[in-house]
Amino acid sequence: MTEQTPAIDGRQFRNVLGQFCTGITVITALDPDGAPIGFACQSFAALSLDPPLVLFCPTKGSRSWAAIEAAGKFCVNVLAEEQQPTCARFGSREPDKFAGVPWHTSDLGVPVLDGSLATIECTVDSVVDGGDHYIVIGCVQALTESESTTNGRPLLFYRGQYTGIEPDKTTPAPWRADLDHFLTTTSLDTWL
């Protein structure tokens, strides 16, 4: 960071970054009393293959994050297109966000939302300051794909609205034979 940060209009910042389509997840855990907690989160990403790490970025004022940090473990639930009401519920200030949402506890002891496209169970590896958010790095302990993943579609967020994949785009593009090499080889011009 430079000593003087330029003034950036908050509305323009949101509008410009809204051009980047994101998937939507719900981060869940059990609080110290064993009650399920969670929040909707767009700022989720894969970080490292070896070791397997992911990251997400909660706001510093998040009560859910404080309880998740105390638990030391969490589940990333990748939402399916039909889970838009679940996303809205977990993005709200409802006191019981799990009311009416089917879920179960995993072997790691974290809440897993039924119907999610995928779940990634993690332990908290580290937490880094990121302005008005934290950057939470999680060490992956278990991964699960939904049985409906072949037909399932992700819930997406674009330009301030929920969106989805085009109806005729239900199948992923064919796997490139050189993709593994491309994704895991670093060079001076690697930007990934």
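Note: the structure precedes this text.
Residues numbered from 1 in each chain as written. Predicted model: local features only at pLDDT ≥ 70, side-chain atom pairs only at ≥ 80, totals over all residues. Heavy atoms only, no water.

Regarding the state of the cysteines
Joining two cysteines, a disulfide is a covalent bond between their sulfur atoms. One pass over the structure, following the stated rule, counts zero disulfides. Free of any disulfide, Cys 122 has its nearest neighbouring cysteine sulfur in Cys 139, separated by 7.5 Å. The exposure class of Cys 122 is buried, given its relative accessible area of 0%. (Disulfide = S-S within 2.5 Å. Buried < 20%, exposed > 50% of the residue type's maximum accessible area, 1.4 Å probe, protein only.)

Considerations on the nonpolar core
Formed by 16 residues in total, the largest nonpolar core has its most connected members in Ile 27, Phe 39, Phe 56, Ile 68, Phe 74, Ile 120 and Cys 122. Mapped onto this core, the elements with two or more residues apiece are β2 (25-30), β3 (36-41), β5 (53-56), α2 (63-71), β6 (73-78), β9 (118-130) and β10 (133-145). Among all residues touching Cys 122, those that are not within four sequence positions of it are Val 54, Lys 73, Phe 74, Leu 108, Gly 138, Cys 139, Val 140 and Gln 141. (Core = buried A, V, L, I, M, F, W, Y, C linked by side-chain atoms within 4.5 Å. Helix = DSSP H or I, 4+ residues; strand = E, 2+ residues; numbered from the N terminus. Contact = heavy atoms within 4.5 Å.)

Topic: the sheet that holds β10
Spatial ordering of the open sheet is given by β3-β2-β6-β9-β10-β5-β4, a layout of seven strands whose pairing is antiparallel. Looking at which strands have only one partner, the edges of the open sheet turn out to be β3 and β4 (44-48). Strand-to-strand, the axes of this sheet are offset by a mean angle of 35 degrees, without reference to chain direction. Sheet topology note: the β5/β10 ladder contains four bridges and is antiparallel. Bridging from a neighbouring strand, Leu 55 pairs with Ile 137 of β10. Across the sheet, α2 lies against β2, β3, β5, β6, β9 and β10, angled at about 120 degrees from β3, the strand it touches most. (Pairing = 2+ DSSP bridges. Axes fitted to C-alpha atoms, helices over the stretch in contact; angles between N-to-C directions.)

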